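As a plain string of letters, each chain reads:
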Amino acid sequence: MSFKNLNLINPIIRAVTEAGYSKPTEIQDSAIPYILAGKDVVGCAQTGTGKTAAFVMPILQLLKKYTPEHKEIRTLILTPTRELAIQIEENFGLYSKYLPLSQLSIFGGVSAGSQLAALRKRVDILVATPERLLELVDQRYIDLSKIEIFVLDEADKMLDMGFVNDVRKILKLLPQKRQTLFFSATMPVSIRKFAETIMKNPVEVTVHPVLPATQTLKQSATSTSQYSGNL
Ligand code: AMP
């Protein structure tokens, strides 16, 4: 499979090629067609499989396709740590190089000043850690009522770190009608149950790494199955 066969548009293919990637990874092959089709997706994939680009590229394409004149934040990526937030924002920056879309990451542990200044400009895609996001929502700097696509990244880590109540609060602020993407390195019953409560008829995409995370890009086996709905 090539990026072109995945029906990605030229500005994204150009950016990904310039980033040095010639073909999609297994998770990208499996997840991108469903995301582009507007489906809710549960992705079971570890860091190192190319899973960030697996949601970043199709999200950019969807936002580009339906870009109206707007000022609101249209996509929210929730991730547990500052490092991941920065990494995801960088991925959006990399692949949106030839698209008129803008992204911002917000996270705790630093003063909110520069984040607030950046929020005054147009932000299409917001990458956030839960606590800082809720803080800025409470202070009315952020409105989540126009979110079209919501991504919960590293869901297992998020719940392990005790963010479940924060995530539930955030979910209540999102429109019911939205596309939801849910990524987790592991999929125990508790995580599956949680996914079921926040998604509509999701497709499940799984990448089983057969080697340690550092080598998964070279060798991995994939199986894709239609989510059965009985998590
Ligand atoms: P992630 O699983 O998102 O943490 O990505 C792991 C690494 O894979 C990152 O360094 C990415 O830049 C890289 N990567 C993403 N897409 C591809 C691709 N199609 N081919 C090779 N490497 C990729």
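Scroll up a little and you will see the structure.
Chemist: Please clarify how the site of the ligand should be interpreted in this entry.
Modeler: For the ligand, the set of nearby residues contains 14 residues, the closest of which are Y21, Q28, G48, G50 and T52. One of the backbone N or O atoms of K23 is found 2.9 Å from a nitrogen atom in the ligand. Here an oxygen atom of the ligand sits 2.8 Å away from a polar atom, N or O, in the main chain of G50. In isolation the ligand has 500 Å² of accessible area, and contact with the protein removes 76% of it. Its residues assigned to classes, the shell around the ligand shows four nonpolar, eight polar and two charged.

Chemist: What is the right way to read the packing of helix α3 (residues 51–65) against helix α4 (residues 82–95) from this model?
Modeler: Working note: a packed helix pair is described by the angle between its axes plus the distance between those axes. α4 packs onto α3 with a crossing angle of 45° between their chain directions and a minimal axis gap of 10 Å. On the basis of their axis angle, the class for α3 and α4 is oblique. In terms of crossing hand, the pair formed by α3 and α4 is right-handed. Contacts between α3 and α4 pair T52, A53, F55, V56, M57, I59 and L60 from the former with Q87, I88, N91, F92 and Y95 from the latter. Here the contact of α3 with α4 is composed, by residue class, of nine nonpolar, three polar and no charged.

Chemist: Just to check I follow, could you spell out the pattern of salt bridges for this structure?
Modeler: Oppositely charged side chains can pair when the atoms bearing their charge come close. Following the criterion strictly, the structure yields eight salt bridges and no others. Measuring nitrogen to oxygen at the nearest pair gives 3.1 Å for the salt bridge that ties K51 to E154. Here K51 is found in helix α3, whereas its partner E154 is found in the loop between β5 (149–152) and α7 (155–160), with 103 residues between them in sequence. You can call K51 buried: its relative accessible area is 4%. Taking the relative accessible area as the measure of exposure, E154 reaches 8% and is therefore buried. Here R132 and E135 are joined by a salt bridge, their closest N and O atoms 3.3 Å apart. Of the two residues, R132 and E135 both sit in helix α6 (residues 130–138), three residues apart, roughly one turn of that helix.

Chemist: It is not clear to me how α3 should be interpreted in this structure. Could you clarify?
Modeler: Taking 1.5 Å per residue as the helical rise, α3 with its 15 residues ought to reach 21 Å, and the 22 Å between its terminal C-alpha atoms agrees with that figure. Among the 15 residues in α3, 13 count as buried, and that is most of the element.

Chemist: When you look at the pairing of strand β4 (residues 125–128) in this model, what are you seeing that I'm missing?
Modeler: Walk down a regular strand and you will see the side chains alternate between the two sheet faces. Of the two faces of β4, the one holding I125 and V127 and the one holding L126 and A128 are both buried throughout. Alignment of strand β2 (residues 75–78) against β4, held across four bridges, turns out to be parallel. Residue pairing for β4: T75 is matched across the bridge by I125. Sheet analysis places strand β3 (residues 103–106) next to β4, joined by four bridges and oriented parallel.

Chemist: I tried to follow the pairing of strand β1 (residues 41–44) on my own but got confused; where do I start?
Modeler: Of the two faces of β1, the one carrying V41 and G43 and the one carrying V42 and C44 are both buried. Relative to strand β6 (residues 179–184), β1 runs parallel, the two sharing four bridges. Its bridge partner lying in β6, V41 is registered against L181.

Thresholds, definitions, all that
- Residues numbered from 1 in each chain as written.
- Predicted model: local features only at pLDDT ≥ 70, side-chain atom pairs only at ≥ 80, totals over all residues.
- Heavy atoms only, no water.
- Near = heavy atom within 4 Å.
- Polar contact = N/O pair within 3.5 Å; in protein donor to acceptor, adjacent residues only side chain to side chain.
- Areas by Shrake-Rupley, 256 points an atom, 1.4 Å probe, with all protein chains shown as cover.
- Nonpolar A, V, L, I, M, F, W, Y, C, P; charged D, E, K, R; others polar.
- Axes fitted to C-alpha atoms, helices over the stretch in contact; angles between N-to-C directions.
- Helix = DSSP H or I, 4+ residues; strand = E, 2+ residues; numbered from the N terminus.
- Parallel < 35°, antiparallel > 145°, perpendicular 65-115°, else oblique.
- Left-handed = near helix turned anticlockwise from the far one by under 90°.
- Contact = heavy atoms within 4.5 Å.
- Salt bridge = Lys/Arg side-chain N within 4 Å of Asp/Glu carboxyl O.
- Buried < 20%, exposed > 50% of the residue type's maximum accessible area, 1.4 Å probe, protein only.
- Expected span 1.5 Å × (residues − 1).
- Pairing = 2+ DSSP bridges.

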